[in-house]
Amino acid sequence: MHAIGQSRGWCRWAVMLTVAGAVALPGCGGGSDGPGGAGTPAQPAPPTAPPTAPPTTPAPTTPPSGSATYGNLQAASLGPGASLNGALPFPADNAWNTDISKAPVDPDSDALIASIGLTRGLHPDFGAGLWEGAPIGIPYVVVGAGQPKVKITFTDYGDESDPGPYPVPPNAPIEGQRADGGPFGGDRHVLVVDRSANRLYELGNAVPQADGSWLASGGAVFHLDSNTVRPGGRPGWTSADAAGLPIFPGLARYDEAATGVIAHALRFTVSRTRRAYVPPATHWASSDTSASLPPMGMRVRLKASYAIPAGTSTESRAILQALKTYGMLVADNGSNWYISGAPDARWNNDALLRELGAVKGADFEVVRMQGLVKP
């Protein structure tokens, strides 16, 4: 285990979307004590290829929850930002897919929500277009059985990483990657979904090499067809995310939101966390032991009394309803109430900022935590 006070130093773009387009302010993510920091490796030779733009074709319709495909992604499309065509990672009874709308409220809910901010609104950490030359959000790519596996060299957290090789394309999209091929920093997450094997490969601080291999601070392999989500992991291990969670399942994706249904929990960040975690998280990223601070993995939900306003866009309504039914999990240290998503040219930035921003911290409550681990 790494020194708890060690800062990883990863900063992701904290997105501020305006009517004029996408504007951003820098916001730190990644927290401390996990793969994703200790500085950004030196830039390699020019990228093999520039990032591929997100798809702009209409998204297929997601089946109703009763007929959704759980834990089998073989029908997903291929490529960067590809649609899963109604498939959902993990089995139906997995923590990410569990309806928690009627679960008990945690007895410390009021203090925990107050520590994040009662009057601050939700903020979309994703959107359409570019900010400082890079897509806004955490990108991903779907590959098939023919994708060659390549060597992964872990620079910082190999002792808590699942060994390679991983099926990472040489031009896989990297979080923060500039469309013009220029140098960039930040979290540099790389998320690869292998639809044929139902596997998810995630890297932090990833840098492609001229020979097709990759450098990364650390990485994890998740089984999307099992509730044994990370067979190679252990309690106390981190992942490409500070909480030890997979990143991809918690992203707001346009292909789902446009159908009006997001049938899984989402992912968000807070600025101060506790030296503790609650399942499904496996790792903490703080030295503060205050019981009023959220542990990694803490789940919040929109209160049943919160009424989604009439006229809310389809995409924002889908996000807000998901927050009522499945909630969202504390996954990383970052800006308060920043909800994660994948970049897509079809997001309406203005609607996201206006409609999500109208939802304040006071509209949330903490779902009762069970299995809290305090190292």
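(A) Up close: the overall build of the protein. A tally of regular secondary structure across the protein gives four helices and 20 strands. A sequence separation of at least 24 residues applies to 73% of the contacts in the protein between residues at least 6 apart. Just so you have it, the protein exposes about 13600 Å², and 55% of that area is on carbon and sulfur atoms.

(B) Looking closely at the pairing of strand β17 (residues 299-302). Residues Arg299 and Arg301 line one face of β17 and the alternating positions Val300 and Leu302 line the opposite face, and both faces are buried. As judged from the two bridges shared by β17 and strand β18 (residues 328-333), these two strands associate in the antiparallel manner. If you follow Arg299 over to β18, its bridge partner there is Leu329. Judged from the three bridges that link them, β17 and strand β20 (residues 364-366) form a sheet pairing that is antiparallel. Within the sheet, the bridge partner assigned to Arg301 lies in β20 and is Glu365.

(C) Quick peek at the sheet that holds strand β13 (residues 207-208). One open sheet holds the three strands; their spatial order is β10-β14-β13, and the pairing between them is mixed. Among the strands making up the open sheet, the edge pair consists of β10 (152-154) and β13.

(D) Main features of the sheet that holds β17. Strand order in the open sheet formed by six strands is β6-β19-β16-β18-β17-β20, with mixed pairing between adjacent strands. Both outer strands of the open sheet, β6 (123-125) and β20, are each paired with one neighbouring strand and no more. Each strand axis lies, on average, 40° off the axis of its neighbour in the sheet, ignoring direction. With three bridges joining them, β6 and strand β19 (residues 338-340) adopt parallel strand pairing.

(E) Structural detail: the packing of aromatic side chains. As enumerated under the stated definition, the model contains eight aromatic pairs in all. The structure contains a cluster of three or more aromatic residues connected by ring pairs, namely Phe126, Tyr254 and Trp347. One residue, Arg188, lies across the ring of Phe184, its end atom 4.0 Å from the ring centre.

(F) Structural view of the nonpolar core. Counting 72 residues, the largest nonpolar core has Ile319, Leu323, Met328 and Phe364 as its most contacted members. Sort the elements by how many residues they give to this core and helix α3 (residues 314-325) lands first, with five residues. Not counting residues within four places of it along the chain, the set of residues in contact with Phe364 comprises Ile113, Leu122, Val300, Arg301, Leu302, Lys303, Leu323, Met328, Trp337 and Val359. Within the second largest apolar cluster, 17 residues are counted, among which are Val141, Ile152, Leu203 and Trp214.

(G) The side chain of Asn198, seen in detail. Position of Asn198 relative to the elements: it lies in the loop between β11 (190-194) and β12 (199-204). Given the relative accessible area of 7%, Asn198 is considered buried. One polar contact links the side chain of Asn198 to the main-chain amide nitrogen of Leu73, over a distance of 2.7 Å. If we ignore the near neighbours within four places in the chain, the residues touching Asn198 are Gly71, Asn72, Leu73, Gln74, Phe222, His223, Leu224 and Asp225.

About the criteria used
Residues numbered from 1 in each chain as written. Predicted model: local features only at pLDDT ≥ 70, side-chain atom pairs only at ≥ 80, totals over all residues. Heavy atoms only, no water. Helix = DSSP H or I, 4+ residues; strand = E, 2+ residues; numbered from the N terminus. Contact = heavy atoms within 4.5 Å. Areas by Shrake-Rupley, 256 points an atom, 1.4 Å probe, with all protein chains shown as cover. Buried < 20%, exposed > 50% of the residue type's maximum accessible area, 1.4 Å probe, protein only. Pairing = 2+ DSSP bridges. Axes fitted to C-alpha atoms, helices over the stretch in contact; angles between N-to-C directions. Phe/Tyr/Trp six-rings, centres within 6.5 Å; stacked < 30°, edge-to-face > 60°. Lys NZ or Arg CZ within 6 Å of the ring centre and 35° of its normal. Core = buried A, V, L, I, M, F, W, Y, C linked by side-chain atoms within 4.5 Å. Polar contact = N/O pair within 3.5 Å; in protein donor to acceptor, adjacent residues only side chain to side chain.

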